[in-house]
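Now for the letters of each chain:
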Amino acid sequence: MTTATRWALVTLFLGGGVAAGMGLARTFDVRSNPAGAPPARAPLAEPPAALVSLQDSFAQVAEAASPSVVHITLEGADLLRPEGIGSGVVVSEEGYVITNHHVVEAAGGGARGLRVRFVDGMEFAAKTLGTDPETDLALLKLDVPAGSKVTRAVFADSDRVRVGDWCLAIGSPFGYRHSVTAGIVSAKHRQAGMSQVYQDFIQTDAAINPGNSGGALVNIRGELIGINTAIVTESQGNDGVGLAIPSNIVSQVSGALMKEGRVRRGYLGVRSVDLDSRLMEALRVESGVRNPEDMLKHLGLKEPRGTYIIHVEEGSPAAKAGVLERDVLLELNGRRVTSQSDLLFRMADIKPGTVIPLKVVRDGKERELAATVQERPPMDIRRRRR
């Protein structure tokens, strides 16, 4: 056998071995991955900088905001299985905590003692200082040792919150303390099917579940934009529709509860509805209204404005001023009324005893009236999932 022949046979043998080895490797790959997909890639040595920055931002927000959020339990609960009833947010370094009225209600209206636990494990006893059922808020006072301070939340201006802004919800869903979920602001100025009087919710898709009530909704700077309050759900869990009370309302109510233990609001004594499709449908049945133009003509308006009065409380400031059912209230205290919600919130800010001008449309004619504002009597809310 010549030298050339010998080298040709060696080359053929080695080539066949390599091919067989590659085929065997492919066989093992197929067995471990029956779909025949290529083997998994190695992890990225350096993830994209934008993703790392976003991840770091969420972690920093959670770290900054969590110390001001507390887990609320009942005094004397089993230490191994504490009876969690909700969450809260510290609004003052002296130990004032805001939560939901229905969270306190779950503790027998504050008759049972409460305890709060911070993310670092500190615990304090707490008592109910005051509640405001009409906004579903309540204020607790912690038993903080003299000279000690706790970390308070930094409030954002909720009027400047935008739909689409990132947000984080911090609370204790199902008793899992200081859980953090992320989402966006889905909508603003939402109302829900509750008997709560003052509704102007921020809607979010950040996961909110029972136990989150009273906890914090914060922006990407870690500032408080709302107090998580309720969920809209068909599954009895998170369906991506969470509702939070805006921080501007929280600030106003908590300040009043600190000073007086209650919130004093102006009261006119009317119930009204917006000039929308629901009113048009009601007027269609009653008066044959067929479209928005018909509705405006029927109400004596040239454009949709004001709010339609459906009920006037007997003996109320509105009744004494001469407001009647079916009037359209156009102006309150010299400013145009834009909606039923606008009327409620603006009346709440007027000091009882103040005389205010009203402008209504009745039978196609504008009328000037005057009402003396009274203090709004308390109205409770029904219980809802916390």
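Summarised in this report is the structure supplied together with it. The structure displayed is predicted, hence computed values, not measured ones.

So, about helix α6 (residues 292-299). Burial in α6 covers these residues: M295, L296 and L299. Seen from one end, α6 has its buried residues packed into an arc of 95 degrees, which puts them on one side. Among the exposed residues of α6, those oriented more than 90 degrees off its buried face are E293 and K297. Looking at the buried positions of α6, the neighbouring elements they touch are α5 (277-287), β15 (307-312), β16 (328-332) and β18 (355-362). Backbone nitrogen of E293 and a side-chain oxygen of the N-cap are separated by 3.1 Å at the start of α6; the cap is N291. Count one or two residues on from α6 and you reach G300, which has phi positive near 80 degrees.

It is worth spelling out the sheet that holds strand β12 (residues 242-246) at this point. Read once around its circumference, the closed barrel built from six strands follows the order β7-β8-β9-β12-β11-β10, with strand pairing classed as antiparallel. Shown here is a sheet whose adjacent strand axes are inclined to one another by a mean of 45 degrees, direction ignored. Where strand β11 (residues 224-231) meets β12, five bridges bridge the pair, whose relative direction is antiparallel. If you follow I231 over to β12, its bridge partner there is G242.

So, about a nonpolar patch on the surface. Together, L54, W166, I184 and I220 make up an exposed nonpolar region whose accessible area comes to about 310 Å². Mapping I184 onto the fold places it in strand β8 (residues 179-190). Given the relative accessible area of 31%, I184 is considered partly exposed.

Another aspect to go through is the environment of R152. Inspection of the secondary structure puts R152 in the loop between β6 (137-142) and β7 (166-171). Along the backbone, R152 and G95 are 57 residues apart, and their C-alpha atoms lie at a distance of 8.3 Å. Not counting residues up to four positions away in its chain, the partners in contact with R152 are S68, V90, V91, S92 and E93.

Think of two packed helices as two axes; the pair is described by the angle between the axes and how far apart they sit. Remark: α5 packs on α6, axes separated minimally by 10 Å, with the N-to-C direction vectors making an angle of 70 degrees. What the angle tells us is that α5 and α6 run roughly perpendicular. Judged by residue contacts, L279, M280, L283 and S287 of α5 engage P292, M295, H298 and L299 from α6. Across the contact of α5 with α6, the residue classes tally to six nonpolar, two polar and no charged.

On to unusual backbone geometry, then. The phi dihedral of H178 is positive, around 55 degrees, even though this residue is not glycine. Along the polypeptide, H178 turns up in the loop between β7 and β8.

Attention now goes to α5. Those residues of α5 not exposed but buried are L279, M280 and L283. Looking straight down α5, one finds that the buried residues subtend no more than 100 degrees of arc, so they occupy a single side. Of the exposed residues in α5, the ones pointing more than 90 degrees away from its buried face are S277, R278 and V285. Contacts made by the buried residues of α5 are with β14 (270-273), α6 and β15. Just downstream of α5 lies G288, where phi reads positive at about 75 degrees.

All right, on to the pairing of strand β19 (residues 365-372) then. With eight bridges joining them, β18 and β19 adopt antiparallel strand pairing. Pairing of P357 across the sheet is with A370, part of β19. Taking the residues that link successive antiparallel strands as the turn, the β18-β19 hairpin has two residues, and the phi of D363 there is positive, at about 55 degrees.

The subject of this paragraph is the side chain of R376. Among the structural elements, R376 can be located in the segment after β20 (374-375). On the accessibility criterion, R376 (15% relative accessible area) is buried. Here the side chain of R376 touches E134 through a polar contact of 2.8 Å, side chain to side chain. R376 has contacts with E134, V197, Y198, R265, G266, Y267 and L344, leaving out every residue within four places of it along the chain.

Summarising burial for β16: four of the five residues are buried, a large majority. Two elements, β15 and β16, share two bridges in a ladder whose sense is antiparallel. Counted as the bridge partner of Y308 is V328 from β16. Taken together, β16 and the strand that follows it, strand β17 (residues 335-336), pair antiparallel across an intervening segment of two residues, in which N333 is found at a positive phi of about 55 degrees.

Turning our attention to the packing of aromatic side chains. Under the defined criterion, the tally for this structure stands at three aromatic pairs. Taking the centre distance of 5.1 Å and the plane angle of 75 degrees together, the rings of F58 and W166 count as edge-to-face. Placement of the pair is F58 in helix α2 (residues 49-65) and W166 in strand β7, with a sequence separation of 108 residues. Here F58 falls in the buried class, since its relative accessible area comes to 19%. Judged by its relative accessible area of 39%, W166 falls in the partly exposed class.

A separate point is the nonpolar core. With 26 residues, the main nonpolar core has V89, I98, L137, V218 and I227 as its most contacted residues. Setting aside chain neighbours within four positions, we find L137 in contact with I98, T99, N100, H101, T131, D132, I227, I245, I249, V250 and V253.

Criteria and thresholds
- Residues numbered from 1 in each chain as written.
- Predicted model: local features only at pLDDT ≥ 70, side-chain atom pairs only at ≥ 80, totals over all residues.
- Heavy atoms only, no water.
- Buried < 20%, exposed > 50% of the residue type's maximum accessible area, 1.4 Å probe, protein only.
- Helix = DSSP H or I, 4+ residues; strand = E, 2+ residues; numbered from the N terminus.
- Arc of directions from axis to C-beta.
- Contact = heavy atoms within 4.5 Å.
- Polar contact = N/O pair within 3.5 Å; in protein donor to acceptor, adjacent residues only side chain to side chain.
- Pairing = 2+ DSSP bridges.
- Axes fitted to C-alpha atoms, helices over the stretch in contact; angles between N-to-C directions.
- Patch = residues over 30% accessible without salt bridge, like charges linked within 9 Å, V, L, I, M, F, W, Y side chains within 5 Å.
- Areas by Shrake-Rupley, 256 points an atom, 1.4 Å probe, with all protein chains shown as cover.
- Salt bridge = Lys/Arg side-chain N within 4 Å of Asp/Glu carboxyl O.
- Parallel < 35°, antiparallel > 145°, perpendicular 65-115°, else oblique.
- Nonpolar A, V, L, I, M, F, W, Y, C, P; charged D, E, K, R; others polar.
- Phe/Tyr/Trp six-rings, centres within 6.5 Å; stacked < 30°, edge-to-face > 60°.
- Core = buried A, V, L, I, M, F, W, Y, C linked by side-chain atoms within 4.5 Å.

By themselves, these are just geometric observations and shouldn't be taken as functional.
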